Each structure stands twice: as C-alpha cells, then as structure tokens.
Amino acid sequence: MYQYDQYDHQIIRERIAQFRGQTERYLAGDLKAEEFLPLRLQNGLYVQRLAPMLRINVPYGMINSTQLRRLARITRDYDKGYAHVSTRQNFQLNWPDLADVPDILAELAEVEMHATQSSGNCIRNTTSDPFAGIAADEEIDPRPYCEVIRQWSSFHPEFAFLPRKFKIAVTGADHDRVATEVHDIGLRVIQNADDEVGFRVMVGGGLGRTPVIGSVICEFLPEKHLLTYLEAILRVYNLYGRRDNKYKARIKILVKAMGAEAFTEKVEAEWQFLKDTEATLTQEEIDRCKSFFTAPNYDVIDDEPAQARVEHLAGEHVAFQKWITRNLFPHKVSGYAAVVLSLKPTGVAPGDITDRQLDIIADLADKYSLGEARTTHDQNVVLADVKKDDLFALWEEAKAAGFATPNIGTLTDLICCPGGDFCSLANAKSIPIAEAIQRRFDDMDYVYDLGDIDLNISGCMNACGHHHIGSIGVLGVDKKGQEFYQVQLGGRSYENAAIGKVLGPAFSQADVPDVIATILNVFVENRQGDELFVDTYRRVGMAPFKERVYAK
Amino acid sequence: MPNNPKIIKDGQIIDNEWLIVEDAGSSLPEGKLLVSLEIWEAQKAALIARGNIGVWLKNDQDPASLAGDLQELPIIGIDFPVFMDGRGFSIARLLRDRYSYKGEVRALGHVIRDQLCYLKRCGINAFDLDDDIDIEQAVHSLNDFTDGYQTDASQKVPLFRRRA
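So, how was this worked out
- Residues numbered from 1 in each chain as written.
- Chains lettered and ligands numbered in written order.
- Predicted model: local features only at pLDDT ≥ 70, side-chain atom pairs only at ≥ 80, totals over all residues.
- Heavy atoms only, no water.
- Core = buried A, V, L, I, M, F, W, Y, C linked by side-chain atoms within 4.5 Å.
- Buried < 20%, exposed > 50% of the residue type's maximum accessible area, 1.4 Å probe, protein only.
- Helix = DSSP H or I, 4+ residues; strand = E, 2+ residues; numbered from the N terminus.
- Domains from an automatic or database assignment.
- Contact = heavy atoms within 4.5 Å.
- Disulfide = S-S within 2.5 Å.
- Pairing = 2+ DSSP bridges.
- Buried area = accessible area lost by both parts, 1.4 Å probe.
- Salt bridge = Lys/Arg side-chain N within 4 Å of Asp/Glu carboxyl O.
- Axes fitted to C-alpha atoms, helices over the stretch in contact; angles between N-to-C directions.

**Describing the nonpolar core**
Residue and element names in this part refer to chain A.
Line of reasoning, step 1. Formed by 158 residues in total, the largest nonpolar core has its most connected members in Phe91, Ile185, Val201, Leu226, Ile233 and Phe263.
Line of reasoning, step 2. The biggest single contributor to this core is helix α6 (residues 226–240), with 10 residues.
Line of reasoning, step 3. When residues of this core are assigned to domains, at least three map to each of domain 1 (134–292) and domain 2 (303–400).
Line of reasoning, step 4. Beyond its immediate chain neighbours, meaning those up to four positions away, Val201 contacts Ile185, Gly186, Leu187, Ser215, Val216, Ile217, Cys218, Leu221, Tyr229 and Ile233.
Line of reasoning, step 5. One finds Ile453, Val522, Phe523 and Met542 within the second-largest nonpolar core, a separate group that totals 37 residues.

Here it is in structure tokens:
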C-alpha cells in the first residue's frame, strides 16, 4: 500500500489546520453558511436529513488493518458505533458533530487517511478494481496510477470549483469491475504491441438524471502523459461545462453537446500546450508509486492439494460449500484465494458495518490477508490474499462476525444508497426496499439458481445506488408526496455497459417484492440453459416482463 | 463590480489605483482604468495612446482575445460574479502559463478568503473583493498551503520531481 512521506503528511496537516479555522469561523458566525458549504463538502462533510454525514475516502478501495482499527475507534468515539460503505468505496459516518470534524480528520491523518474532496464540485476519490494486483484477468495493476491521480487531484488549485462533481475510475483488467464506462473519466491501463504502458481514455459517462455511456477519446495515451492529458480534459470542462443548471453540468452533457469528436479536438488542442512540460510524469515517479504495490512474498503452495483439502471440507460442511461457491474470487497465485466478506445479511442496511466488525476485519486481515483489505463498489469488503488452507478457519470467524452470508453476486447482494432514511436529497426510502427484497427471497437455493444478478436501488434520480446499471434497477420517486418505485431492467455495469430501460409505471413500496418475483419468474421461464438475467433480457426484450407485471 | 479603496496585492494591503469601467458611456474618466474587453476592442488604438489602461475579462471571455495585446497591458482583471464559478481559475492559468503574461492579474468581485491560496497558485496576484470581505483577515489565507502536488503558475516543477 502507498505510504505517506513528509510531504504528504505536511500537506494534509495544512489542510486540517485550514478546515479547523473555517469550522471555527463558521461556528462563530464569521463565515456564511453558503460559503462554508463548498468548504465543508470538500472536506467530506454533508448536512443530511438528521445529522451531518462525513464521507471518508478509501483511496481506490485500499485500506490496512491500522486504518480499519482507527475507523472503528472513530465510529465509537464520535459516532454511533457504525459506518457505511458507499458505492465509491468510501466509508460514511452518519452522526458526527460538525464541531468534531477537524479532530476526526486529524485522527484519520495519523493513519494516512483523509476525507479530501469526497464531495463537492471537484475531483472525487478515484475508484478501482477491488481485485487489483491479484486478478488473473488483469493486464496491469491500476493502483500505482490511482495513487498518481490521487496526488494530482488532491488540492488541485485550478479544479476545486468545477461545474459539478467529477469521478475517475481506473481498471487494468479485461473484466471491468469498476464501471469505467459510466464515469466522468474511465481509464483502462493497457500495454500496446511495443510493450509500452498507457491508457485507453473514456470520457463523459455517468448516471444521475441523464445516464450516458462514455466515449473513448484516446485509444492509447502513453503513461507519462497521464497527468497533462487529464489536466487538459479538466480545463476544457472547467471552462466550457454548463453552470446554469446543475442537472446539465456534468461533463457528459458537455461531451454530448459538443459531440465526442469536437470535444476530443478541444482537449487535444489544449493538451498541445501542456504535453511534455515539467508536469509530465517521470519514470522515477511511476516506479516510486509502483514500489508500493509490488507482489508480497507469497508462500509457494501447490494448488491442487490445497484445493482438494478445501473441497473435502466443503463436502462435510454444506454452509462452507455454499460460501466458497459464492464468496471467493480466484487469485492469480497458486494456493491463494480472495474472499469477499458480505455486508449484505438480511436485516442490516446494505454496506453498514459496526465498530466491532471493523475491528474484526482488521484482525482477520492481519491473521489471514497480509494486513490489508479492500472496499468494493458493490459495498462489500475483500480480503485479497488468503491461503486456501486458511479458508475454513476464516469462514468460521467471518460467520461468527456476521460476514459470511453466502450471497455475493446474487440477488440479495444488492447495492443500495442510504436513501430517505438518511439522505436529504432522496425522494424515497431505499433501505426498507432492500430489506423487503432480502426477506422475500430468503430461499438461497432459489437465489443461487437465478445466477448472478445485480439488483441496484437508488432513493432518487441522483442514482447513488446505481439503479441504471443494475440487471434490475429500482428507483425511488415522489408522486404527490407519496413514495413510489420505478423498476428498470437490463442495465449492465461491466464491459459493454448498458443503461437499463424503464419497465413502466411505478409501484408502491408494498408491491415491489411481488413485482421483482414476477420479473424473476418471467426470467426463469424464458432463460436458455444457464443464461444470466441480463442475457435473457437482451434476447427476449422488455415485452414479456412488461406484459406479465402489468397484466390485469 | 467592487472598486474598493484598498486591495490585496502580492500579499500586502495597498491603495487601489485602478478604477473598473463597465460601460463605455460618453467619455472615460481620468486616471488608471480597468476597462471591459468590449471597450478595449472598440477603442484599442486610442486607449493605447492614452496609456494607463488595463482590461478586465468576464469569465466566459477567452484570454486569447488579448494574446496580441499583452505588452500594452500592465494589468488584467478577471471577474468573479459568484464564488462557486471556477472558470476564472483556468483563465488565470491560461494568462500565466500559455500566454506568459507577467503583469498584474487581479480577481474582481466575489471570491471568498478561503479561495485565495488556490487563486494565488493559479497566478492571481491581486484581489479587489466584494465589500463584505475583511481583507485584513483574508490576507492570512493566501498561504494556507506551503506546498502542493501539482505544477501551478509559479511552481513549474511538480512535487514528484522535487521529493527528497
């Protein structure tokens, strides 16, 4: 993992001192609420329906056991003993006191964490593949580049007052686990025919009110040009992005209005002035960042007997067998596996985690996974480097701590925003919908039989629950003061991403589980072989679903 | 537009010598004037002959319009109508970085003191701000950060080339 040097520590210390002063001026009445607003947002602090909410960055999802323990302590000392994992791989605290936030930030800085630019109209936390560095389908580890981007985007003097928020995602694998196609900038690290490393650059994707799949504006950008090219994109956006209407202010609207080609020309023209300046990345810096993400000293393990021992135990313990079927991810190193700890047991708000559980994950990480963990875009936690021979012991401990729900990738591993229970933007609650669906589909054999399904729930158009890219998306809408839910089908977050289509008129909260049941029945009746939901939908289209759901 | 008697320049509070002129009107007043791009473009030759003229840009005006005139201009202003609108940050960088403008770049209008540090890094060295800003206090925010990761208008070497 990246480690701060004296410069990183100094910059973050100065930021906290700055924010402490701003908070004091605000509390003393010397700083207007509307002027404090962007300042607190860029330090992670929202004011929500019931209390402030502090969003703490987990840069590209990487977190170590020391940081997890500190988070646990912060949730105990400053909050109500739990936190929430967001779809941008961050942690959110729901009940901190505004006056305490500078102290919380200081506690985070001690363990090399921050809440810098986790909200506001600026460049947000860069997200990445939770299986970076260990996935067999990965071409290049994206994390060193994520760290390069983290530093460049942090406290960037020119881009702190953009037209709207700006999100960057980076992947280095064939299978896109970061939804790069629906980001303001999506980067795929690649190697060209001459073995040079670079990026395929996609711009102008996004969700929200106007979901758009991004456009590729550069097929191969050599790695040393990463920052100057990003700078050119951001400058064009900062100067020409719309500011008259916040719903038209994202870069996707600019790219659409100009056309991807004209936008690209504008970026290239700007880039000519930035290219090859001192801001160009050096090989030394790339190597320095890579040095923090080298492969650990893995034990040499013969995979076959290790796998046989796991399967033997699975034969004796059905629950373990279910868990290894759903909650493991293959590791590129022989004898190892990545484990997904599920934060989606029924009855808990998806992504919620207690202080006690944070401490336990820290312990599990130390004991079984080289002291590190990762947060995922679908609101779970990954232990990436577990020896197969440790899986059974890990499973028993994870089960006792409530993390072993064997539902990863299934219907009940749903993505869900905090919704109307917490968020002041929401039109409708989302957590009770998630729970109602989990309760309705409690027969795991049925759920397994359905195969991988992304069920994503957002409480409003802002789409924090990524409903547009769920195989089944649920969107909370407000109809004359009543909460209703629109259902969308056919979304897809990974490569060849797709935006779901609206099924038809919205439903009441009580009807949602039945509607989902009907949709699943139509899927089961129509699927061929072990076809996934998205593929059946692509083949048969919306009509059979619509017909059945709205049948009188 | 502000036109305050006192401004911040190069970290000091000094008397403001430049009067912002928004409309052409019948005739221009005496003294040092900061005129709009429209006035400049309409009367360029006369204004150059007159001397003591600077130009201020709206934040949707491209500094390229002034690229050929920079030698004539001791000062360029950038209007900040609302502090949340960050276009002026990029305009300042274009003036400094692309057009190598060496004169005074002055922020006019509504920026808050907490933006001064970033504005300075973008190349703005003077501030004629809205009345309700206490510039005695604001001047302290110019140096909230002693270093940054990126290149900027005055630091051409990014931190990654300077790390020891």
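**Re the state of the cysteines**
Residue and element names in this part refer to chain A.
Line of reasoning, step 1. Using the criterion set out here, one finds zero disulfides over all chains in the structure.
Line of reasoning, step 2. A disulfide-free cysteine, Cys146 has its sulfur positioned 11 Å from the sulfur of Cys289, the nearest such atom.
Line of reasoning, step 3. Cys423 carries a free sulfur, and the closest cysteine sulfur to it, the one in Cys460, is 6.0 Å from it.
Line of reasoning, step 4. On the accessibility criterion, Cys423 (16% relative accessible area) is buried.

**Observations concerning the pairing of strand β14 (residues 372–375) of chain A**
Residues and elements named next belong to chain A.
Line of reasoning, step 1. One ladder, built from three bridges, connects strand β3 (residues 62–64) with β14; its direction is antiparallel. Bridging across to β14, Ile63 finds its partner in Ala373.
Line of reasoning, step 2. Where β14 folds back on strand β15 (residues 381–387), the antiparallel hairpin that results is connected by five residues, among which Gln379 adopts a positive phi of roughly 70°.

**A few points about the domain arrangement of chain A**
Residue and element names in this part refer to chain A.
Line of reasoning, step 1. The domains assigned to chain A are domain 1 (134–292), domain 2 (303–400) and domain 3 (415–549).
Line of reasoning, step 2. Centre-to-centre separation of domain 1 and domain 2, based on C-alpha positions: 33 Å.
Line of reasoning, step 3. Here domain 1 meets domain 2 over a buried area of about 640 Å², counting both sides, of which 63% is carbon and sulfur.
Line of reasoning, step 4. Linking domain 1 with domain 2 are zero salt bridges.

**Looking at the sheet that holds strand β2 (residues 12–15) of chain B**
All names here are of chain B.
Line of reasoning, step 1. Pairing is mixed in the open sheet, where eight strands are placed in the order β2-β1-β8-β7-β6-β5-β4-β3. The sheet is open, and its two edges are formed by β2 and β3 (19–21), each paired on a single side. Geometrically, the sheet is characterised by an average inter-axis angle of 30° between neighbouring strands, direction not taken into account.
Line of reasoning, step 2. Summarising the sheet, strand β5 (residues 53–57) and strand β6 (residues 75–80) pair through three bridges and their orientation is parallel. Considered in β6, the bridge of Trp56 is made with Gly77.
Line of reasoning, step 3. Strands in contact with helix α3 (residues 87–98) are β5, β6 and β7 (104–109); relative to β6, the strand with the most contacts, it is inclined by about 165°.

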